[in-house]
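Residue-level structure breakdown
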Amino acid sequence: MRGKGGRLILIEVGVVVAIALILISIVPVVLSGFRLNLLGRFLSLAIVALGIDLIWGYTGLLSLGHGIFFGLGGYAIAMHLKLQVPPGELPDFMGLYGVTELPWFWIPFYSFPFAVIAVVMVPAILAGLLGYLVFRNRIRGVYFSILTQAATIVFFNFFNGQQGLFNGTNGLIDFTTLFGATVSDTNTQFVFYSLTILFLAATYALCRWLTSGRFGRLLIAIRDDESRVRFSGYDPTDFKVLVFAVSGAIAGIAGALYTLQSSSVSPRAMDIAFSIEMVIWVAVGGRATLIGAILGALLVNYARAFLSEQFAEIWLFFQGALFLIVVTVLPDGVVGWFRTSGIQLFKRRQQIATYPSLEENSEVQHERQNLRN
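Predicted model, so just to flag it, every value in this text is computed and none were measured. Residue numbers run consecutively from 1 along every chain, following the written order of its sequence. In keeping with the model being predicted, local features are shown solely for residues with a pLDDT of at least 70 and side-chain atom pairs are shown and tallied solely at 80 or more, while totals for entire chains, interfaces and linings include all residues. Think of the side-chain values as coming from all heavy atoms in the structure, minus any hydrogens and water.

Within the secondary structure layout, N167 lies in the loop between α8 (163-166) and β1 (172-173). We call two N or O atoms a polar contact when they sit within 3.5 Å, provided that within protein one can donate a hydrogen and the other can accept it, with sequence-adjacent residues counted only if both atoms are side-chain atoms. Engagement of the side chain of N167 in a polar contact is seen with the side chain of Y97, the distance being 3.3 Å. Non-local contacts of N167, meaning those with residues more than four positions away in its chain, are made with F93, Y97, Q162 and L172. Put simply, DSSP marks the helices as runs of H or I at least four residues long and the strands as runs of E at least two long, and each gets a number from the N terminus on. Only heavy atoms enter the contact rule, under which two residues are in contact if any of them lie within 4.5 Å.

Listed below in structure tokens is the structure:
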């Protein structure tokens, strides 16, 4: 069994590496610059979908506030990019609101390593702290979802109202350089696109590792019957806090990669609607499948992009209809349907022995001859 499991892991690794190489080497030749940038953004959204699947699909924690962590990761890298100005100058938007001195918490973001650490740690620490306060009081289910949604409102209104600190509703835009390279340059964007693919593969590997073995079975047990897990001697609080913090860090990385490729970040990333969309991606692809989260994010976002181009005024109705169809017809998502029903379409049906074949059986004929005699 171990040998078979090892072979399956090697096959899975080989498939992931092959897909990554195709996306990096072949796809850029086929797609235009605009379409490639669009694909890079959607792949970064697939990263946050993996984080949602980790906590919702495997642990049963339906978060409606992951836009917070996504936005914080975007703001962390954007603050470093906005500080790429001559010494002594402030980011351009601050002068519009009468800010004459750089706020103290902006100063560490001059350092790129600090900004990278903040992309991961700020969302992780916030998610861990929020999770600890919630889970230690045994708040779960719909109440947990409501609390995460309420937290989204708080952060959205805070960043939306801080014109002098974060440019308010406009957000941080117009990035110029990073390590001396122009952010909007085609080659620079290709580097961001390639990094997104590598981080997506690494995130998939991390989630695959966390959901395998004893730890993965424990997460599923918490999802299915948390009280029984507690009676078995485990404290679900620690595990849920850890998984929620990891999921928040994943969302922060996704937000940073999305910001680099879209050249902007705004409070809209922390909007309730966007956090709900993340859940829709996972539901469409299939909960507790990982690969379904990636496919769902790509499918829904590409469908939205296509429909918004072709049917600019009514594309939202198509998006709503898509979600309703998945919920009612494919409750386990696309991947879940393929595993349970769709794969049967590709299997060859076994031939069932018919009655005439029994007539030709020599043993049946012998028994009948004995009965007659």
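Here we come to the packing of aromatic side chains. Any aromatic ring pair is given by two values, namely how distant the centres are and how the planes are angled relative to each other. What counts as a ring pair is set by centres within 6.5 Å for rings of Phe, Tyr and Trp (its six-membered ring), and what kind of pair is set by the plane angle: stacked under 30 degrees, edge-to-face over 60, tilted for all other angles. Under the defined criterion, the tally for this structure stands at 21 aromatic pairs. Between F42 and Y302, the aromatic rings sit 4.9 Å apart at their centres with planes inclined by 80°, giving edge-to-face as the arrangement. Placement of F42 in helix α3 (residues 33-57) and of Y302 in helix α14 (residues 291-310) is noted, with a sequence separation of 260 residues between them. On the basis of relative accessible area, Y302 is assigned to the partly exposed category, the value being 32%. Categorising residues by exposure relies on relative accessible area from a 1.4 Å probe, with only protein chains included: less than 20% of the type maximum marks a residue as buried, more than 50% marks it as exposed, and the intermediate range marks it as partly exposed.

Bringing the nonpolar core into the picture now. Judged by nonpolar contacts, the single largest core of 89 residues is most densely connected at L43, L50, F70, W106, L172, Y193 and W281. Not counting the four nearest positions on each side in its chain, L172 is found in contact with Y75, A78, M79, K82, F93, W106, F166, N167, S263, S264 and V265. Here the nonpolar core consists of buried residues drawn from Ala, Val, Leu, Ile, Met, Phe, Trp, Tyr and Cys, with membership extended through side-chain atoms lying within 4.5 Å.

Here we take up the layout of surface pockets. One way to see where empty space is left: roll a probe the size of a water molecule over the atoms. Using a grid of 1 Å spacing that covers the protein atoms alone, one calls a set of points a cavity when a 1.4 Å probe fits there but cannot get out, and a pocket when the set is open and has protein on both sides within 12 Å along at least five of seven lines; lining residues are those with an atom within 4 Å of a point. Grid points are joined across faces, edges and corners, and a volume is the space filled by probe spheres set on the points. Estimates place the volume of the largest pocket at around 710 Å³. Lining the largest pocket are 24 residues, and of these R41, Y258, R268, F274 and R304 lie nearest its centre. When its volume is computed, the second largest pocket comes out at roughly 560 Å³. Contributing to the lining of the second largest pocket are 23 residues, with V16, I19, Y204, I291 and I294 lying nearest its centre.

Each residue carries a pLDDT value, the predictor's own confidence for that position, ranging from 0 to 100. The predicted model of the protein averages 88 in pLDDT, with 90% of residues at 70 or higher. The spread of mean pLDDT over the elements of the protein runs between helix α17 (residues 355-359), the lowest at 51, and helix α4 (residues 66-82), the highest at 97. Confidence over residues 349-355 falls short of pLDDT 50; this stretch has one contact with residues more than four positions distant or in other chains.

With respect to the element layout, S275 can be found in helix α13 (residues 272-285). Under the relative-accessibility criterion, S275 is labelled buried at 0%. The residues contacting S275, other than those within four sequence positions of it, are L64, G65, H66, G67 and T152. At a separation of 2.9 Å, a polar atom in the side chain of S275 contacts the main-chain amide nitrogen of G67.

A few words now on the packing of helix α10 (residues 213-224) against helix α12 (residues 236-262). All axes are obtained by fitting lines to C-alpha atoms, using only the stretch in contact for helices, and the reported angles, taken between N-to-C directions, cover 0 to 180 degrees. Where α10 contacts α12, the two axes come as close as 11 Å, and the packing angle between them is 105°. Between α10 and α12, the interaxial angle falls into the category roughly perpendicular. Note on element contacts: α12 touches α10 through P236, F239, K240, L242 and V243, opposite F215, L218, L219 and I222. In this scheme, roughly parallel covers angles under 35 degrees and roughly antiparallel covers those over 145, while 65 to 115 is roughly perpendicular and the rest are oblique.

Patch definition: residues above 30% relative accessible area lacking any salt bridge, with like charges linked at up to 9 Å and the nonpolar side chains Val, Leu, Ile, Met, Phe, Trp and Tyr linked at up to 5 Å. Method for areas: the Shrake-Rupley scheme with a 1.4 Å probe, in which residue coverage is limited to the protein chains shown. By definition here, a salt bridge exists when the distance from a side-chain nitrogen of Lys or Arg to a carboxyl oxygen of Asp or Glu is within 4 Å. A surface patch of nonpolar side chains, amounting to about 370 Å² of accessible area, comprises L8, I11, V15 and I19. One can find I19 in helix α1 (residues 2-25). Among the residues examined, I19 registers a relative accessible area of 45% and is labelled partly exposed.

This next bit is on α14. Two residues of an α-helix separated by three or four positions point the same way, owing to the 3.6 residues in each turn. Counted at 1.5 Å a residue, the expected span for α14 with its 20 residues is 28 Å, and the 28 Å between its end C-alpha atoms agrees. Among the residues of α14, those classed as buried are G292, A293, I294, G296, A297, L298, V300, N301, A305 and L307. Looking at the buried positions of α14, the neighbouring elements they touch are α3, α9 (186-210), α13, α15 (315-329) and α16 (333-340). By this rule, a helix spans an expected 1.5 Å times one less than how many residues it contains.

Here Y97 shows up in the loop between α5 (92-96) and α6 (112-135). Separated by 66 residues in sequence, Y97 and Q163 place their C-alpha atoms 7.0 Å apart. In contact with Y97, other than residues within four places in its own chain, are Q163, G164, N167 and N170.

Interaxial distance between helix α7 (residues 142-161) and α13 falls to 9 Å at its minimum, and their mutual angle equals 140°. The pairing of α7 with α13 is recorded here as oblique in orientation. Along the contact surface, α7 presents Q149, T152 and I153, while α13 presents I272, S275 and I276. For the contact of α7 with α13, the residue count by class is three nonpolar, three polar and no charged. Lys, Arg, Asp and Glu make up the charged group, whereas Ala, Val, Leu, Ile, Met, Phe, Trp, Tyr, Cys and Pro make up the nonpolar group; the residues left over, Gly among them, are polar.

Positive phi, close to 65°, is recorded for N167, a residue that is not glycine. For N167, a relative accessible area of 8% corresponds to the buried category. Positive phi, normally seen in glycine, also occurs at A288, with a value near 60°. Within the fold, A288 resides in the loop between α13 and α14. For A288, a relative accessible area of 22% gives the class partly exposed.

Applying the stated rule across the entire model yields eight salt bridges. Residue R230 is joined to E226 by a salt bridge in which the shortest nitrogen-to-oxygen separation is 3.1 Å. Of the two residues, R230 and E226 are both situated in helix α11 (residues 226-231); the distance of four residues between them amounts to about one turn of the helix. Ionic pairing is found between R304 and E277, a salt bridge with its closest N-O pair at 2.8 Å. Note that R304 is positioned in helix α14 and E277 in helix α13, a separation of 27 residues in sequence.

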